[in-house]
Amino acid sequence: MKNLKPLCSTSLVWLICAMLLTLLSSCSTPPVRPSPPVRSTHIDTAKIDRLLQLIDARLAIARMVAQAKRNADLPIDDPAREENILKQALSEASSRGVPESLVRNFFQDQFAASKLLQLRLHEEWQRKKQPPFSAAPNLNHDIRPVLDRITPQLIVALHDVQKTLANEEGRQYFLNRAKELVRNDFDGAPRALALRSLQNN
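Here's a quick rundown of the structure. This structure is a prediction, so every number in the text was calculated from the model and none was measured. (Residues numbered from 1 in each chain as written. Predicted model: local features only at pLDDT ≥ 70, side-chain atom pairs only at ≥ 80, totals over all residues. Heavy atoms only, no water.)

Digging into the overall build of the chain
- Assigned secondary structure in the chain consists of seven helices and zero strands.
- Out of the 201 residues belonging to the chain, those deemed buried represent 46%.
- In the chain, of all internal contacts separated by at least 6 residues, the share reaching a separation of at least 24 is 86%.
- Counting every atom, the chain has about 10400 Å² of accessible surface; 53% of that belongs to carbon and sulfur. (Helix = DSSP H or I, 4+ residues; strand = E, 2+ residues; numbered from the N terminus. Buried < 20%, exposed > 50% of the residue type's maximum accessible area, 1.4 Å probe, protein only. Contact = heavy atoms within 4.5 Å. Areas by Shrake-Rupley, 256 points an atom, 1.4 Å probe, with all protein chains shown as cover.)

Take a look at the structure:
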């Protein structure tokens, strides 16, 4: 398990939020390491990379959610919040022609991955007797607006990769590339949960 260092200052929290907002407000794919070469012209690697980067960004935010909940002594499970996100996602999906079943399964997997990551962080902090964080972000003011901006972009990304993931070569590229781009987890378990619904799409 990786050693995880807590955010240590208010400026660092805002820097991370600002970086995520910059990423999410961009219409183009942020620079990443070059994709491995692929043989098929039917695979749009940039669109696959974009989806994976958004999944990784959501897991990065889950780390801040974990800090905020620990400071406020809030439970990791938040069914009402999940339901609100899912409603937003299904509304966006309907307007873009993305299947409801795909969106529902995908977001339930994102919730599961986020909660697993938060649980492991809380367990580690409990074991290390971590005191309250001096600069934990606020769930309502700092974190949830960023998550709400990710949701519609994930829908667009899901729409864009449907055809690519419908063939074996596209799925293989997706799974291999995920190991490089989805890094905000422990030993791969949160990442595996986040990708679960797309592996056999």
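Some points on empty space enclosed by the protein
- In this structure the tally under the stated criterion is one cavity of 30 Å³ or more.
- Approximately 230 Å³ is the volume attributed to the largest cavity.
- The wall of the largest cavity is formed by 18 residues, among which V65, K69, R81, S114 and Q118 lie closest to the centre.
- In terms of residue count, helix α2 (residues 45-72) provides more of the lining of the largest cavity than any other element does, five residues in total.
- Taken together, the residues of the lining of the largest cavity break down into nine nonpolar, two polar and seven charged. (1 Å grid on protein atoms, 1.4 Å probe; cavity = no way out; pocket = protein on both sides within 12 Å on 5 of 7 lines; lining within 4 Å. Points joined across faces, edges and corners; volume = space filled by probe spheres on them. Nonpolar A, V, L, I, M, F, W, Y, C, P; charged D, E, K, R; others polar.)

A closer look at unusual backbone geometry
- One non-glycine residue, D73, lies in positive phi territory at about 55°.
- Here D73 lies in the loop between α2 and α3 (79-96).

Quick look at the nonpolar core
- In this structure, L51 and F107 are the most contacted members of the largest nonpolar core, which totals 50 residues.
- At the level of secondary structure, the elements contributing two or more residues to this core comprise α2, α3, α4 (100-127), α5 (139-161), α6 (168-181) and α7 (189-195).
- Ranked by residues supplied to this core, first place goes to α2 with 13 residues.
- Every residue in contact with L51, bar those within four places of it in the chain, is listed here: F106, L154, A157, L158, V161, F174 and L198. (Core = buried A, V, L, I, M, F, W, Y, C linked by side-chain atoms within 4.5 Å.)

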